[in-house]
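# Notes for the structure review
Residues per chain are reported as follows:
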Amino acid sequence: MRSYRALARAAARAALAYRLSLLLGMGAVLVQLVALLAVWRVVLAQSPINGFTWPQMRAYLLVAFAAGIVVSILGDFRMAYRILDGDVALDLVKPVDYQKARFAESLGGLWIELALIGVVVGVTLAFTGGVDLPAGAGAALFVASMLLLVPLKFLIVYVSTLACFWTQNFMGVQWARLAVVNLLSGALIPLVYLPHWLATAAQWSPFAGLTSTPALIFLGRVDAGEGLLLVAVQLGWVLVLWFGARLVWRAALRRLTVNGG
Amino acid sequence: MPIVEARDLTKVFRRPDKGSGLAGSFKHLFARRYSDKVAVDHIDLSIEAGEAVAYVGPNGAGKSTTVKLLSGILVPTTGQVRIDGLHPQRDRTTVAHRIGVLFGQRTQLWWDLPVSESLAVLRDIYGVDHATYRQRLARFDDVLELGELLPVIGRKLSLGQRMRADLAAALIHGPQVVYLDEPTIGLDLAVKDRVREFFRSLRDEGTTVMLTSHDLADIEGFCRRLVIIDAGRIIFDGDLVGVKDTFARERILHVETARPVPLETLRDSLPGAEVTVEDTPQRYAVRFDRFAVSAGQVVTVLAGLTDLVDFRVDEPSIEDVIRRVYSGELVLPR
Amino acid sequence: MRTARLYLRLLGAHFRSLLEYETDFLILAGATVLMQVVNIVFLAALFAKVPVLNGWTFWSVLMMFGAVALAEGVGSLFFDGMWNLAWHINRGELDYYLVRPYPVALQVSSAALGINGLSNIVTGSLMIGAGLAHSAVDWTPWRVGLAVLLLISSVVIKVSINLATNAVCFWLSSPSPMFAFAMHQVGDLARFPLSIYPLALKAVLGVALPFAFISYFPIAYLLDTGPSRWLGLLTPLAAVYCAGVAALVFQRGLRRYESAGN
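Reading the values: rules and limits
- Every chain is numbered on its own, with residues counted from 1 as its sequence reads.
- Ligands are numbered from 1 and chains lettered from A, in the order in which they are written.
- Local features in this predicted model are restricted to residues of pLDDT 70 or higher, and side-chain atom pairs are both shown and tallied only at a pLDDT of 80 or more, whereas totals for entire chains, interfaces and linings draw on every residue.
- Only DSSP runs of H or I with at least four residues qualify as helices, and only runs of E with at least two residues qualify as strands; both kinds are numbered from the N terminus onward.
- A radius of gyration in this sense is built from C-alpha atoms; the matching globule rule multiplies 2.2 Å by the number of residues raised to 0.38.
- Here a residue counts as buried when 20 or more other C-beta atoms fall within 10 Å of its C-beta, as exposed when 12 or fewer do, and as partly exposed in between; the C-beta atoms come from the backbone.
- Whether two residues are in contact is decided by their C-beta atoms, placed from the backbone, lying within 7 Å.
- As a per-residue measure, pLDDT tells how confident the predictor is, with possible values from 0 to 100.
- In this scheme, strands are said to pair when DSSP sees at least two bridges between them.
- Axis geometry follows a simple rule: fit a line to the C-alpha atoms, using only the stretch in contact for helices, then measure angles between N-to-C directions, giving values from 0 to 180 degrees.
- The nonpolar core criterion groups buried Ala, Val, Leu, Ile, Met, Phe, Trp, Tyr and Cys residues into a set whenever they are joined through C-beta atoms within 7 Å.
- For this scheme, ten residues count as nonpolar: Ala, Val, Leu, Ile, Met, Phe, Trp, Tyr, Cys and Pro. Four count as charged, namely Asp, Glu, Lys and Arg, and the remainder, Gly too, count as polar.
- Throughout, the term roughly parallel applies to angles under 35 degrees, roughly antiparallel to angles over 145, roughly perpendicular to angles from 65 to 115, and oblique to all others.
- Each crossing gets its handedness from the near helix: less than a right angle anticlockwise from the far helix is left-handed, clockwise is right-handed.
- One fewer than the residue count of a helix, multiplied by 1.5 Å, yields its expected span.

### Thoughts on the overall build of chain A
- What chain A contains, in helices and strands, is 14 helices and zero strands.
- Against the globule reference of 18 Å for 261 residues, chain A gives a C-alpha radius of gyration of 19 Å, in line with a compact fold.
- Over its C-alpha atoms, taken along the principal directions, chain A stretches across nearly 65 × 40 × 35 Å.

Quick look at the structure:
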């Protein structure tokens, strides 16, 4: 446990050392928030669409932003380059579990991310007006959903980074992942706006848990029962991906040892 | 007019001070502190066309920084540089045609291209016509055996091969002034010899060469002028041979006598010299100043005391002298 | 002319080695196309519910997305080396560039070739083309010429902003081009009509970092839509201004270059 805590601290320290990179790396998420706020403010000025009013959409976008920032100090670039350079072999001799070690690193930066979310959400609310907070069961489900989002997001990034064992190209895989996640998680547009078949597919995919689930619970657009189901789906995907990632890792190691790094 | 001229050249680097640990990084977020490091400290240097100069000094003395200032890579903090009367930054393009630079630690070859292609790209950048280009390649092939390297991809060259190819790259445009910064670093002896041979041919053709090295074997037999830099300042600028005369006046005579001689007797008969017993009795070392007394005189005195079996005079090599200058054992007058 | 020829020569030097990594190209091309597809799905989903956004139709906003993609694609394909500037500075790798008789900025930008730019150029052009096909522009030779000029200016602006923002790395000690990357992200705001943004953002995108001249202003002029559409005619001026500023920032930055190993 101590070694994982040390890894987490080291990750936070690395993130702080390049604090500018850290702040700016989150720019993409922030820019999307600004653009979408501007678009929806105009679109929803007269009447609600698909049941979304402007204050609701604003709350949705803020939750989407928070969900987008959490676990974004990942060091996935570092991980990718260590795989591509073959340096990953050095990580293997360390007496820590590779997957848990990377997870610990992504947790290390969490408090920095939370601070940033606090600032941006605070500023946005100050400029555009407040939002209604969920209460009772809704609040509990929202917290549970946000907590599950942490391992879920880590696992999606982790598995896609493991693709470097096969592709030699990290950038392309990452772009593709970002594009898919952006659309299917509901970060770009709430899933109800998508064609029905696509929305349904997205709803059951692991990606919905990255934005849509916590956002819909926050807005109270799902009742307690539906909310519970959505969170259960999130949890299911966390478990599937956690053990699935181990299988991928084992296959990757075979590849590494066969090819000699 | 000197072809390279530096006046009052100073370069100060500014480095952020970071505390250690998470707290240190955090503090640096809000309060930035810096420390200044003077890498080159008020240097005056002028090199005449056709001159070959060795520029030496211990690691971190400011050698590479000087070369980078003289080639216009760095902008001096104060002072100025003129290459053939031109300003290295303002007239960068013109100056670039006249100078060639080799950094031994760094390659300018394209890592994913064959050497021949890297050289061809450089040919086009410098606008060298094809006939001249072929002529130069042929010459590089003579001295550096470049031919065998031409089809090799940059990243697949060994260190020695890379240095030979990089030399060709630095000289493909026939520069008037060449800066060679640590050009033999990491090379094996055979390649070193070949590269040194090449430097001599450059010098003989009248190219102005400034050679920076901490391998002093590079400079012996190559140039007459020696500049020594230490802690950013030039502490010697003069004749290579003169260094020995000026700063290494001392000689050591190792002598073996037929019978033991009391040390006091030897010391009394050789005032001004320092006599010590060596590993076996009957062997002595006499340390003397060659301008106070000649080796012949010492031998004559000793021969008057006893029969001499054998003797040998050691004079310090230039390497020795400079090494002792670095270590502070020998202090050169300013 | 010699400068341009030499530029293509330098760029082309990387082309052959790039072809060795065919799967790389396919993955990158696939990813960039996917990103544009996601954008189009988003726009289609949005405009399925609202006919116009501040007076702008689906097709005109698609053109803006296309213009940003095209400019970005040209930036990647021909000037991708800029994105390695931070790394070069950090490692002291500009040394040799500085002693060669060719503009340092051009040596930097030609040092890499982003083959993925090709797919952005193609998808961007298709989006612009589709938008124009659904517009009621009255094409005269003069308008065609003007459209081409606006397009070139738009690309020049994007590339100049890339250069200037990457050159900021001379002042920052970061080994990655994060500042430029963040500004590049800000540029994505220009994919939407400028009129939807609050005044401060309009000022940023119209003046400080004139991304709006890549897409919004020239398209507003061409389609004769929106308020102050005449501003689109200033696009070539904006291009000249941006190129000048970028060159100045780069030159200033170069004076601060400290190489490495001190």
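Read on for the rest.
### Regarding the overall build of chain B
- A tally of helices and strands in chain B yields 11 helices and 13 strands.
- On C-alpha atoms alone, chain B measures out to a radius of gyration of 26 Å, which is more than a quarter above the 20 Å that the 2.2 N^0.38 rule sets for 334 residues.
- Structurally, chain B occupies a C-alpha span of about 75 × 60 × 45 Å along its principal axes.
- The 334 residues of chain B split such that 35% are buried.
- Pairs at least 24 residues apart make up 70% of the contacts formed inside chain B by residues separated by at least 6 positions.

### Quick notes on the confidence of the model for chain B
- Looking at chain B, the pLDDT average stands at 86 and 93% of residues meet or exceed 70.
- Model confidence for the complex is summarised by a pTM of 0.84, with the ipTM given as 0.89.

### Here's the deal with the interface of chain A and chain C
- Opposite the 31 residues of chain A that make contact, chain C presents 32 residues.
- Taken together, the elements giving at least two residues each to the side of chain A that touches chain C come down to helix 2 (19-25), helix 3 (27-43) and helix 11 (170-184) of chain A.
- Here the element with the most residues in the side of chain A that touches chain C is helix 3 of chain A; it accounts for nine residues.

### Some remarks on the sheet that holds strand 1 (residues 4-17) of chain B
Residues and elements named next belong to chain B.
- Spatial strand order, 2-1-4: three strands in an open sheet with antiparallel pairing. Each edge of the open sheet is held by one strand with a lone partner, namely strand 2 (33-47) and strand 4 (78-83). Put simply, the sheet's adjacent strands are angled 30° from each other on average, direction ignored.

### Describing the nonpolar core
- Counting residues in hydrophobic clusters, the biggest one holds 234 residues, and the most contacted among them are Val39(A), Ala168(B) and Val227(B).
- With 13 residues, the single largest contributor to this core is helix 3 (residues 58-79) of chain C.
- With sequence-adjacent residues up to four places away left out, Val227(B) is seen in contact with Leu45(B), Val53(B), Ala54(B), Tyr55(B), Ile234(B), Phe236(B) and Asp237(B).
- Ranked by size, the runner-up nonpolar core spans 11 residues in total, among them Leu266(B), Ala273(B), Phe288(B) and Val298(B).

### So, the sheet that holds strand 13 (residues 308-314) of chain B
Residue and element names in this part refer to chain B.
- Taken together, the four strands give an open sheet; going across it, the order is 11-12-10-13, and neighbouring strands pair in antiparallel fashion. Strands at the two margins of the open sheet, each flanked by one partner only, are strand 11 (274-277) and strand 13. Strand after strand, the sheet turns through a mean of 20° between neighbouring axes, direction not considered.
- The pairing of strand 10 (residues 250-257) with strand 12 (residues 283-289) spans seven bridges and is classified as antiparallel. Paired with His254 across the strands is Ala285, a residue of strand 12.

### Let's talk about the environment of Cys164(A)
Residues and elements named next belong to chain A.
- Considering the arrangement of structural elements, one finds Cys164 in helix 10 (residues 164-167).
- C-beta crowding within 10 Å serves as the criterion here: with 21 such atoms nearby, Cys164 is assigned to the buried category.
- Among all residues touching Cys164, those that are not within four sequence positions of it are Ala80, Ile83, Leu84 and Phe170.

### Observations regarding the interface of chain B and chain C
- The interface is formed by 26 residues belonging to chain B together with 18 residues belonging to chain C.
- Counting residues per element, the ones that place at least two in the side of chain B that touches chain C are helix 2 (63-70), helix 3 (92-98), strand 5 (99-103) and helix 4 (115-126) of chain B.
- Here the side of chain B that touches chain C gets five residues from one element, more than from any other, and that element is helix 4 of chain B.
- Split by residue class, the side of chain B that touches chain C holds 14 nonpolar, seven polar and five charged.

### Comments concerning the packing of helix 2 (residues 22-49) of chain C against helix 7 (residues 117-133) of chain C
Residues and elements named next belong to chain C.
- Close contact between helix 2 and helix 7 brings their axes to 8 Å; oriented N to C, the two are set at 30°. Our classification of the angle between helix 2 and helix 7 gives roughly parallel. Crossing of helix 2 over helix 7 shows right-handed handedness. Facing helix 2, whose interface residues are Ala29, Thr32, Val33 and Gln36, helix 7 presents Leu118, Ser119, Asn120 and Thr123.
- Partitioning the contact of helix 2 with helix 7 into residue classes produces three nonpolar, five polar and no charged.

### Things to note about unusual backbone geometry
- Despite not being glycine, Asp8(B) shows a phi value in the positive range, around 55°.
- Within the secondary structure, Asp8(B) sits in strand 1.
- Residue class for Asp8(B) comes out exposed when judged on the 11 C-beta atoms lying within 10 Å of it.
- Look at Ser259(C): it is not a glycine, yet its phi comes out positive at around 55°.
- Position of Ser259(C) among the secondary structure elements: in the segment after helix 12 (235-256).

### What about the environment of Val277(B)?
Residue and element names in this part refer to chain B.
- In this structure, Val277 sits in strand 11.
- Given 13 C-beta atoms within a 10 Å radius, Val277 is considered partly exposed.
- For the pair Val277 and Pro260, spaced 17 residues apart in the sequence, the C-alpha separation amounts to 10 Å.
- Every residue in contact with Val277, bar those within four places of it in the chain, is listed here: Leu263 and Tyr284.

### Comments concerning helix 5 (residues 130-144) of chain B
- Here helix 5 of chain B is 15 residues long and its end C-alpha atoms lie 20 Å apart, about the 21 Å a rise of 1.5 Å per residue gives.
- Of the residues one or two after helix 5 of chain B, Glu145(B) is the one with positive phi, at around 50°.

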